[in-house]
Amino acid sequence: MVAYPGADNPPFRMSMLIYDRRYRSLTLQAVVFILVMLMASWLINNTLHNLSAMGKTLSFDFLFRRAGYDIPQQLIPYTSDDTHLRATMVGLLNTLLVSILGCIAATVLGVTVGVLRLSSNWLIARLMTIYVEIFRNIPLLLWILVILAIFTEVLPPPNAYRGDNPAAHMMLFDTIAPTNRYTAIPSIGMTNPPGVIALGREGISWAVVAFAVVIVAAWFGRRMLNARAQRIQDATGLRPTTWWINLAMFVLPVLALSWYYGLHLNRPVLKGFNFAGGITLDNSFVVLWLALTLYTGAFIAEIVRAGILAVSKGQSEAASALGLRPQRTMSLVILPQALRVIVPPLISQYLNLTKNSSLAIAVGYMDLRGTLGGTTLNQTGREMECMVLMMGIYLLLSLIISGGMNVFNSSVKLKER
Amino acid sequence: MSDIQAQSPAFVRETMLPPQPPPSSAAGVVLWLRTNLFSGPLNIALTVLGLAIIWMIFRTLWPWLSHSVWNAGSMAECRQIISEAYGPDAHGGCFAIIKHRWNQFVFGFYPQDLYWRPVLAFGLLFLALAPVLFADSAKARRIVLGLAVGLTLIFSAMLGGGAGALVGMAVLMLGWVALIETRPGWALLASLLYPFLAVWLLWGGSLWGPVMALAGFGVGFAVWQAGARYGLFAVALGAVAAALWWMFAAAPVAHTLAGLVPLRLTPVSSDQFGGFVLSITIGVAGIALSLPMGIILALARRSDLPVIKMMAVMFIEFIRGVPLITLLFVASLLLNYFLPPGTNFDIILRVIIMVTLFSSAYMAEVIRGGLAALPKGQYEAADALGLDYWKAQRLIILPQALKVSIPGIVSTFIGMFKDTTLVVFVGLFDPLKAMSDTVRASFEWKGAYWEPYIFVGSIFFILCFGMSRYSMYLERRLKRDHR
């Protein structure tokens, strides 16, 4: 507030709390705060009263008791003798697994469809429009149920793959076998395994560490190489060719490691009535993953399309007037500007996908809601604790994703002066 | 002279040649095919791929669709008809299930002789919305109104509404249409009454319940007006008066009046709701409530008052961070813990509250985007005109911000409407899963997977696609002002 010269500042009176704009905002905030706190204390009071009337207390002890139920798909070792806490962890990891794989697949699908929708090919553009509109305007639950019905009703049973003249054939060079109970995919095996770092009951293979180290090193090497190329370009105007060195840095060590460890694919092979070798993925996971991918992919396609359309045509024309080749125009001019528009809504799509993974309830996939908010809740009868914990975990997950993506967003954001 | 004549040509054409048609490769179908489908190797490959996809889909679906049966009493009968007509291995859709059980998908377990009530409520929805949605274009409005009145009467007659009910409906609807066309201001007031009318039509019971709920707003408004010169105080007093009315006076007064003048419809309890009646009830209520709540939350989040801003941020981020399913579980499992012992209120109402809270947080973010997109000059201009906060928001800021955020608002609506199917997980009968399962559980229709999904999916598609087209129409209509 501006103090007028000459005007005497009147001393504070109680009525100024209402009539003076300087103080009224304080009054308003105090009143709202008190009302909200009163409401919250009323709710908490009710809750405590109701709980004590039922003879319950708020306690998280149940997390350390024996869970006593099985989980079909588990990323860390788990048996029914483990605690509810471990069951929760298994569920959380399952949520993360389907969310991360869903985000990756939906991004690939969405970017492809979004670009193809802008294609000059009339037929493809129309097909992609139909895909996007159909998937965007029909509830996700329907897609989950339809894909579930396809998997359980249409796909062959495992024994259909048997015999000299089988009724069903495996896909992709005999590596994937979708059946009505599970989907068999190949696993990666090593003939010369390097041993395992033991971390309690889990273990991480040294091979994983070695591959991670090699890839990270290649990443740093690439950055140094590009910086050197930039220096040379700044000094001489000529940019040395780097792409094959870059490629070699990533590919050669990986190939060498694979050869050293004897990496190979274990194909699933029918033994008796079921597939052995390879990994058998529970169909609940495959169904949920496919449905989330197809549904979110349609939304991402729209985001990508809008992002590309948001870059004005003059930009690409200016780039070609400067003599940039189409590939460099894309990577230096169009993409950086389109990403700026694409990334913020993309973040919220990733968040949506993670939250929508709780629809696992429709297919019986044991995610966080299936374990902590499902079987554990029903077995222990601790609704309050389970729900609070589950919502807290989901909230934390969302905050982590949006935090991480915001960091990425600030790196592509328009740097304004 | 002679020189020039000697050099002049022997022949000069004095008239234009008639224009030749362009070569066949540069016009018509051939040109279109060449530019749109076969302009290069990549494009040719894409076209072939597209044709292959279409062929695959056609080859899978066409036999099934073309063998579909519409007249049968059970799944077994369907299969028998198909194998008789097309051979023993043929598959076909059994859409007879839709013909037999469509009423369950649409009305759930609503009493069959009362089907006219949801139909009337749905028809009146368009009458209530028309003055708002189609304010400028008289032609579009009249088409919508005519269709709403006509279709409502036809459907009610087909669903067995009595003659008395039909005449009453016709009088009510035509009177309302006349009001909209002659007195638009009064029609807006009538639109405000619609929610109470719809609640009465859907749930039945005494008319005095909704009327007394409405009277609470009247009491609050009267108290506010009486003390208008005390500003904010009067608003608070009005709110308190309305709350007191609802808590203590509404029920006894309604009871007394019902004793004097019994205006009653057969009550229908919430567990008889299902199918699209349930989805649309929850969806429309959620939409109507979440928009104002979203606006208030967005304004709170952009407010200068730190306490209010912090609360809005916490609320919005909390709601956006958890899946809707968990909120619905809170509504069904935990709400009894939060309320005083012995309180038990309707499950549909609980779900509507949760869905509203959920979508209002998303709505707030969309509107906040619109508010942020306004140039700062607009806020400063409003201040320079001496408008106070609410007047500035109402007259200058919100009209522009809401206009910018229309696409986001409508897509939030669509998302919410699609999410109404999730109520199946708290035991309500949504049209998609619960109703399909119910129908499939009967002996006759065991094994009917695709037909219910196709039917329900198509209705969802039509409604959601219609909403998104309307938002595009609205954008175009509002853009015209900027020319």
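Residues numbered from 1 in each chain as written. Chains lettered and ligands numbered in written order. Predicted model: local features only at pLDDT ≥ 70, side-chain atom pairs only at ≥ 80, totals over all residues.

### Overview of the overall build of chain B
- The helix and strand tally for chain B stands at 20 helices and two strands.
- Relative to the 2.2 N^0.38 estimate, which gives 23 Å for 483 residues, the radius of gyration of chain B is 30 Å and therefore markedly larger than a compact globule would have.
- Taken along its principal axes, the extent of the C-alpha atoms in chain B is 115 × 80 × 50 Å.
- Scored against the burial criterion, the 483 residues of chain B give a buried share of 32%.
- Nonlocal contacts in chain B, meaning residues at least 24 apart in sequence, comprise 72% of its contacts between residues at least 6 apart. (Helix = DSSP H or I, 4+ residues; strand = E, 2+ residues; numbered from the N terminus. Rg over C-alpha atoms; globule rule 2.2 N^0.38 Å. Buried ≥ 20, exposed ≤ 12 C-beta atoms within 10 Å, placed from the backbone. Contact = placed C-beta atoms within 7 Å.)

### Here's the deal with the environment of B:Ala254
Residue and element names in this part refer to chain B.
- Take Ala-254: it is sitting in helix α11 (residues 232–260).
- Of the residues examined, Ala-254 has 20 C-beta atoms within 10 Å and is grouped as buried.
- Sequence-wise, Ala-254 and Ile-97 are 157 residues apart; in three dimensions their C-alpha atoms are separated by 44 Å.
- When near neighbours in sequence (up to four residues on either side) are disregarded, Ala-254 contacts Ser-206, Trp-208, Gly-209 and Met-212.

### Brief notes about helix α10 (residues 326–356) of chain A
Residues and elements named next belong to chain A.
- Compared with an ideal rise of 1.5 Å per residue, which puts 31 residues at 45 Å, α10 spans 38 Å between its outermost C-alpha atoms and falls more than 12% short.
- The principal kink in α10, of about 45 degrees, is found at Ile-334, preceding the proline Pro-336 by one to four residues.
- Ala-338, Ile-342, Leu-346, Gln-349, Tyr-350, Leu-351, Asn-352, Leu-353, Thr-354, Lys-355 and Asn-356 are the residues of α10 that are buried.
- The inward-facing, buried residues of α10 contact α3 (84–117), α5 (140–154), α8 (283–310) and α12 (383–412). (Expected span 1.5 Å × (residues − 1). Bend = angle between axes of the 7 residues up to and from the residue.)

### Digging into the confidence of the model for chain B
Residue and element names in this part refer to chain B.
- Looking at chain B, pLDDT values average 85 and 97% of them are 70 or higher.
- Averaged pLDDT values for the elements of chain B fall to 61 in helix α1 (residues 2–7) and rise to 92 in helix α12 (residues 275–301).
- Scored as a whole, the predicted complex attains pTM 0.87, and scored at its interfaces, ipTM 0.86. (pLDDT = per-residue confidence, 0-100.)

### A word on the interface of chain A and chain B
- Taken together, the 46 residues of chain A in the interface contact 41 residues of chain B.
- Contributions of two or more residues to the side of chain A that touches chain B are made by α2 (21–53), α4 (122–136), α5, α11 (368–380) and α12 of chain A.
- If you tally residues by element for the side of chain A that touches chain B, the top one is α2(A), at 13 residues.
- Here the residues of the side of chain A that touches chain B sort into 28 nonpolar, 13 polar and five charged. (Nonpolar A, V, L, I, M, F, W, Y, C, P; charged D, E, K, R; others polar.)

### Some details on the UniProt feature "domain: ABC transmembrane type-1" (unreviewed entry) in chain B
- The UniProt record marks residues 276–471 of chain B with the feature "domain: ABC transmembrane type-1" (unreviewed entry), using the residue numbering of this structure.
- In the segment residues 276–471 of chain B, helix accounts for 78% and strand for 0%; the C-alpha atoms at its two ends are 22 Å apart. (UniProt positions renumbered as here; feature names shortened; annotations may be inferred.)

### Remarks on the packing of helix α5 (residues 96–107) of chain B against helix α19 (residues 434–441) of chain B
All names here are of chain B.
- Packing of α5 against α19 brings their axes to within 11 Å, and their N-to-C directions diverge by 130 degrees. By the angle between their axes, α5 is oblique relative to α19. Two packed elements cross with a definite hand, and for α5 against α19 that hand is right-handed. The segment α5 lies against α19, with Ile-97, Arg-101, Gln-104 and Phe-105 engaging Met-435, Thr-438 and Val-439.
- Here the contact of α5 with α19 is composed, by residue class, of four nonpolar, two polar and one charged. (Axes fitted to C-alpha atoms, helices over the stretch in contact; angles between N-to-C directions. Parallel < 35°, antiparallel > 145°, perpendicular 65-115°, else oblique. Left-handed = near helix turned anticlockwise from the far one by under 90°.)

### Description of the packing of helix α15 (residues 347–373) of chain B against helix α17 (residues 389–404) of chain B
Residues and elements named next belong to chain B.
- Two elements in contact, α15 and α17, have axes separated by 8 Å at closest approach and are oriented at 115 degrees. In the crossing of α15 with α17, the sense of the turn from one axis to the other is right-handed. The residues of α17 that touch α15, namely those facing Ile-367, Gly-370, Leu-371 and Ala-373, are Ile-397, Ala-401, Leu-402 and Val-404.
- Across the contact of α15 with α17, the residue classes tally to seven nonpolar, one polar and no charged.

### Concerning the domain arrangement of chain B
Residues and elements named next belong to chain B.
- Segmentation of chain B into domains returns domain 1 (53–94) and domain 2 (269–476).
- One C-alpha centre belongs to domain 1, the other to domain 2, and the line joining them spans 40 Å.
- Contact residues are listed per partner, giving five residues for domain 1 and seven residues for domain 2.
- Looking at the side of domain 1 that touches domain 2 residue by residue, the class counts come to two nonpolar, three polar and no charged. (Domains from an automatic or database assignment.)

### Observations concerning the sheet that holds strand β9 (residues 279–282) of chain A
All names here are of chain A.
- Strand order in the open sheet formed by three strands is β1-β2-β9, and the pairing between neighbours is antiparallel. With one partner strand each, in any of the chains shown, β1 (177–178) and β9 form the two edges of the open sheet.
- By the bridge criterion, two bridges tie β1 to strand β2 (residues 182–185) in an arrangement that is antiparallel. Along β2, the bridge assignment pairs Pro-178 with Thr-183.
- Across the sheet, α8 lies against β2 and β9, angled at about 65 degrees from β9, the strand it touches most. (Pairing = 2+ DSSP bridges.)

### Remarks on the pairing of strand β4 (residues 196–199) of chain A
Residue and element names in this part refer to chain A.
- In the sheet, β4 pairs with strand β5 (residues 202–205) via four bridges, with the strands oriented antiparallel. In the strand pairing of β5, Val-196 is matched with Ser-205.
- The loop that links β4 with its antiparallel partner β5 comprises two residues; one of these, Gly-200, has a positive phi angle of about 65 degrees.

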